[in-house]
Amino acid sequence: MARPKTAEFDKQKIVAENRRARFDYAVDDKFEAGIALTGTEVKSLRAGAGSIAESYAEVRDGAVWLVNSNIPEFSHGNRFNHVPTRPRKLLLHEREIGKLRAAVERKGMTMVPLSIYFNGRGRAKVELALAKGRQAQDKREYVKDRDWKRDKARLMREKG
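Caption draft 1: Local environment of the nonpolar core. With 24 residues, the main nonpolar core has V64, L90, L100, I116 and L128 as its most contacted residues. Elements with a minimum of two residues in this core: β1 (13-17), β2 (25-35), β4 (63-67), α3 (94-107), β6 (110-118) and β7 (124-133). The element best represented in this core is β7, accounting for four residues. With five residues, the next largest nonpolar core counts A21, V112, A129 and A131 among its residues.

Pasting the structure below:
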């Protein structure tokens, strides 16, 4: 019997976060995926280095790949160091890969990584989201709604 998944993922240590993605995209579904990494990549992530600001995911040959993410070389990694911007394979179940492929092909959605983190067991994970791109008008509405919610919460706090 499979373990029940919680609504929010078990994020112990967040290494990299793509905050801009929540502004540029309307996030629908979120998936937790493992990453196939080499030893020096894991050491570099544990040191807190890494960026997913310009990265995205794509389905290629029945697997999901994280493209354009940057994990810098490990400082003590001599000849066994890795290439910083190589495509990295994301580890997902076949059913999840099928859902992602269908959403990208049929609905025109994008797979955007939201964060890289270490879970409670010490494994490196990626929070991957299915998202739809926002137009400039949608971004303005999003900012207006966000500001109104903040002001409303402040007013409610002051007035009791």
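Read on, since the account is not over.
Caption draft 2: Representation of the pattern of salt bridges in the model. A full pass over the atoms with the stated rule returns ten salt bridges. Where K139 meets D24, a salt bridge forms, and the shortest distance between an N and an O atom there is 3.2 Å. Here D24 lies in helix α1 (residues 19-24) and K139 lies in helix α4 (residues 136-159), a separation of 115 residues in the sequence. Note on K139: relative accessible area 22%, which makes it partly exposed. As a salt-bridge pair, E41 and R86 come within 2.8 Å of each other at their nearest N and O atoms. With E41 in helix α2 (residues 39-46) and R86 in the loop between β4 and β5 (88-91), this residue pair connects regions lying 45 residues apart in the sequence. One salt-bridge network, held together by shared partners, links K11, K30 and E127.

Caption draft 3: Spatial organisation of the packing of aromatic side chains. One pass over the structure, following the stated rule, counts one aromatic pair. Taking the ring centre of F118 as reference, the NZ or CZ of R46 above it sits at 4.3 Å.

Caption draft 4: Summary view of α2. All buried positions along α2 are accounted for by T40, E41, S44 and L45. Down the axis of α2, the buried set is contained in an arc of 140 degrees. They therefore lie on one face. On its buried face, α2 sits against β1, β5, β6 and β7. One or two steps after α2, the chain reaches G48, where phi turns positive at roughly 95 degrees.

Caption draft 5: A look at the side chain of H82. Among the secondary structure elements, H82 is positioned in the loop between β4 and β5. On the basis of relative accessibility, which here comes to 6%, the residue H82 falls in the buried class. Among the polar contacts listed, one links the side chain of H82 to the side chain of T40, at a separation of 2.8 Å. H82 has contacts with T38, T40, E41, I71, P72, E73, F74 and R88, leaving out every residue within four places of it along the chain.

Caption draft 6: Examining the pairing of β5 more closely. With burial as the criterion, only one face of β5 is covered, namely that bearing R88 and L90; the residues K89 and L91 on the opposite face remain uncovered. Bridge count for β2 against β5 is two bridges, and the pairing is antiparallel. Within the sheet, the bridge partner assigned to I35 lies in β5 and is L90.

Caption draft 7: Focus on the pairing of β7. Counting buried positions over the ten residues of β7 gives eight, a clear majority of the element. Sheet topology note: the β2/β7 ladder contains nine bridges and is antiparallel. By the bridge assignment for β7, K30 is matched with A129. Of the strand pairs in this sheet, β6 and β7 are connected by eight bridges, and their pairing is antiparallel. Residue pairing for β7: T110 is matched across the bridge by A131. Linking two consecutive strands that pair antiparallel, namely β6 and β7, is a turn of five residues; a positive phi of about 85 degrees is found at G122 within it.

Reading the values: rules and limits
- Residues numbered from 1 in each chain as written.
- Predicted model: local features only at pLDDT ≥ 70, side-chain atom pairs only at ≥ 80, totals over all residues.
- Heavy atoms only, no water.
- Core = buried A, V, L, I, M, F, W, Y, C linked by side-chain atoms within 4.5 Å.
- Buried < 20%, exposed > 50% of the residue type's maximum accessible area, 1.4 Å probe, protein only.
- Helix = DSSP H or I, 4+ residues; strand = E, 2+ residues; numbered from the N terminus.
- Salt bridge = Lys/Arg side-chain N within 4 Å of Asp/Glu carboxyl O.
- Phe/Tyr/Trp six-rings, centres within 6.5 Å; stacked < 30°, edge-to-face > 60°.
- Lys NZ or Arg CZ within 6 Å of the ring centre and 35° of its normal.
- Arc of directions from axis to C-beta.
- Contact = heavy atoms within 4.5 Å.
- Polar contact = N/O pair within 3.5 Å; in protein donor to acceptor, adjacent residues only side chain to side chain.
- Pairing = 2+ DSSP bridges.

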